[in-house]
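# Remarks on the overall topology
What follows is the residue order along each chain.
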Amino acid sequence: MNNIKFLLAIWKANLQSAMEYRISFLSQMIGMMANNFIYFAIWIIFFDRFKDVRGWGVNDMYVTFGILASAFGLVSLFFGNAFMLSDIISKGRLDYYLSMPKPVLLHTISSRMIASGMGDFAYGFVSYALSGYFTWDGLARYVLAMLLAATVFAAFLILTQSLAFWFGTMSNFSNLVLNAMLTFGIYPITLFDNYAKIILFTIIPAALMGSVPAEFIRAFTWQSLSQLLIGAIGFLGLATIVFRAGLRRYESGSAIQIEV
Amino acid sequence: MNSIKVKNLQKTFQTKRKAAGLGGSVRSLFKPEYSSVEAVNNLSFEMEAGELLGFIGPNGAGKSTTIKMLTGILHPSGGEASVLGFTPWVDRQKLAFQIGTVFGQRPQLWYHLPAIDTFTLFGKIYELDDRETKKRIDFLAEAFEMKDLLEVPVRKLSLGQRMRCEVAASLLHRPKLILLDEPSIGLDVVAKQNIRDAIRRMNQEEGVGVLLTSHDAGDLEALCKRVIIVNHGQIVYEDKVSNLKRKFLTTKLVEVRYAEGVAKDFSIDGVEILKVGHYGVKLKFDAAKTSVESVLAHISAAGDIVDITISDPPLEEVIAKIYEQAKEYE
């Protein structure tokens, strides 16, 4: 209960901090929504030409892209430091979080809000509304799938960025796998053979952020729900274990820091 | 009762070594070489509850590493430590409720927000209720003279003002012990004095123990009753500050002004004459070798004294002397 109060307080502080620069906050939010619309226009043109890719049409892409954007936005908004964890570790900036009486991983990743995430988050809902699959039941499934996909995504970020405990700065590698996750996340899952699918459920769990949640939103199945639940719990557990193991190797640093 | 007990504490870092130039970088890419650096080497000491303890040493002496192990930020390579009854790296969260930390080089206040917002957030982090947080903020605002600063975004405060708020923030949850790592770094004389006054007040009024690391002997002189001097991760001196002064501050500087002119060849056996002016002299002597009484007798015999000042050399010189002795011993 205390940790929930703490999270609410830190998110409030994040929001206050982001809103100190009103114009930057609004422009990032609107800019990101516009960016997503422009990016998605390519898929609209693509499906206008090919209509169908192994059973996937443009409506499926609306849902897949939507859920991916919302999950991405949710992590950016509430756990923004998950994107910067490698830098925080390698520059010795975990000291601050380690000196506080709260779970260090939760405190660290929740201590930053990336304002553009609001644009991604909202865009996802618009994209789902435009998909032609919209129902109120579907919307409830959308919210649940978004939470589970965001959990997988945050856990994946923590996992890859925690490698910095062992190998020093990993921000380039993390960006690389992050791009792979997002790129494969929006591809129709039907494009891939079984071997590729194994990779997309494990090493780069893009399927758990795009196509599986999209399937679950379109129609409830126990299979897709259990895939999402197992993926979210499994990846989060693994990420926590790896981060904790890494923390024992944390070496701090003496760099002068001028802001939190 | 001890608030800190440290026994044979050690911390070894693995540091990558690389020869200069591109060739060195390429070799290091395929065959990296590491060497061990002992940042803290068999350190043992104790600190009483409510004590003001100075922990000083030059850059790289192991001060910050020790503080980081005592707060649970770093895991040691060996040895034991108990802080307020907790093993810091095992019970980090429980310990954090009982201690406050300030790292002079690492701010904890949110840069874009007014300090009061960070104070309120800390209230939630330390699980205080809202009324208690507000009451405590009011008290600290008065104790640290920062009422006018609380609603200004931190980025707009001067370094001195910000550090005052930083130290106050670390005291929000009424810790029993605060660990201050270079709290006066980069501050001017007035700002340093303000911080020292506030820390002294909190020690006297709330009995907060203070472990302070600093480069600045002035912090030590103004605040601490006892001092531990470290170099190369080991203790080179440990005693009361008053004993440190008595043992090492044997050199006295004397400035005298006379009513009439002074002889140009003014001299006293065993005393170094630094300057002879028309009406005054400045001299230096070692009180362990030449008696103060005989020097004063000579000074007084030389004419009618208008004014006299006897002072100790700055503590920095003493500490430098201790480092030198430790180096010779090695």
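Residues numbered from 1 in each chain as written. Chains lettered and ligands numbered in written order. Predicted model: local features only at pLDDT ≥ 70, side-chain atom pairs only at ≥ 80, totals over all residues. Heavy atoms only, no water.

## Details of the domain arrangement of chain B
Taken as a whole, chain B is organised into domain 1 (2-242) and domain 2 (250-311). The centre of domain 1 of chain B, based on its C-alpha atoms, is set 44 Å off from the matching centre of domain 2 of chain B. (Domains from an automatic or database assignment.)

## Re the sheet that holds strand S3 (residues 52-56) of chain B
Note on sheets: strands pair through backbone hydrogen bonds, and any given pair is parallel or antiparallel. All names here are of chain B. Read across the sheet, six strands follow the order S5-S6-S7-S3-S8-S9 without closing on themselves; strand pairing throughout is mixed. This sheet does not close on itself; its edge strands, each paired only once, are strand S5 (99-103) and strand S9 (234-240). Averaged over all pairs of adjacent strands, the angle between their axes in this sheet comes to 15 degrees, without regard to strand direction. As paired elements, S5 and strand S6 (residues 177-181) share five bridges and run parallel to each other. The residue of S6 that forms the bridge with isoleucine 99 is leucine 177. Docked against the sheet, helix H2 (residues 63-70) engages S3, S5, S6, strand S7 (209-214) and strand S8 (226-231), running at close to 150 degrees with respect to S7. The strands touched by helix H6 (residues 159-170) within the sheet are S5 and S6, with S5 carrying the most contacts at an inclination of about 160 degrees. (Pairing = 2+ DSSP bridges. Helix = DSSP H or I, 4+ residues; strand = E, 2+ residues; numbered from the N terminus. Axes fitted to C-alpha atoms, helices over the stretch in contact; angles between N-to-C directions. Contact = heavy atoms within 4.5 Å.)

## Let's talk about the sheet that holds strand S12 (residues 280-286) of chain B
All names here are of chain B. The antiparallel open sheet is built from four strands, whose spatial order is S11-S12-S10-S13. Whereas interior strands pair on both sides, the edge strands pair on one side only; in this sheet they are strand S11 (272-276) and strand S13 (305-311). Averaged over all pairs of adjacent strands, the angle between strand axes in this sheet comes to 15 degrees, irrespective of strand direction. Bridge count for S11 against S12 is four bridges, and the pairing is antiparallel. The residue bridging glutamate 272 from the neighbouring strand is lysine 284, located in S12. Running over the sheet, helix H10 (residues 292-301) touches strand S10 (251-258), S12 and S13 and is turned about 155 degrees from S13.

## Quick word on helix H1 (residues 2-19) of chain A
If you check H1 of chain A, its first and last C-alpha atoms are 26 Å apart, about what 18 residues at 1.5 Å a residue would give, namely 26 Å. Among all positions of H1 of chain A, only Phe6, Leu7, Ala9, Ile10, Ala13, Asn14, Ser17 and Ala18 of chain A are buried. Contacts made by the buried residues of H1 of chain A are with helix H2 (22-50) and helix H6 (104-110) of chain A together with helix H4 (115-125) of chain B. (Expected span 1.5 Å × (residues − 1). Buried < 20%, exposed > 50% of the residue type's maximum accessible area, 1.4 Å probe, protein only.)

## Points about the packing of helix H8 (residues 136-161) of chain A against helix H12 (residues 211-218) of chain A
Angle between the axes and distance between the axes: these two values describe a pair of packed helices. Residues and elements named next belong to chain A. With their axes 8 Å apart at the nearest point, H8 and H12 run at an angle of 160 degrees to one another. Taken together, the axes of H8 and H12 are roughly antiparallel relative to one another. The two elements H8 and H12 cross, and the hand of that crossing is right-handed. The residues of H12 that touch H8, namely those facing Gly138, Arg141, Tyr142, Leu144, Ala145 and Ala149, are Pro213, Phe216, Ile217 and Arg218. (Parallel < 35°, antiparallel > 145°, perpendicular 65-115°, else oblique. Left-handed = near helix turned anticlockwise from the far one by under 90°.)

## So, the nonpolar core
Counting residues in each nonpolar core, the largest one holds 168 residues, and the members touching the most others are Leu94, Phe153 and Phe243 of chain A together with Phe119, Phe144 and Met146 of chain B. Each residue touching phenylalanine 144 of chain B, except ones within four places of it in the same chain, is listed here: Arg164, Val167, Ala168, Leu171, Ala198 and Met202 of chain B. (Core = buried A, V, L, I, M, F, W, Y, C linked by side-chain atoms within 4.5 Å.)

## What to know about the pairing of S9 of chain B
In terms of strand pairing, S8 of chain B meets S9 of chain B through six bridges, oriented antiparallel. Counterpart to arginine 226 of chain B in the pairing with S9 of chain B is lysine 240 of chain B.

## Details of H8 of chain A
Helix length check: H8 of chain A, at 26 residues, gives a terminal C-alpha distance of 37 Å against a target of 38 Å (1.5 Å per residue), a fit within 8%. Taking burial as the measure, the 26 residues of H8 of chain A include 19 buried ones, the bulk of the element.

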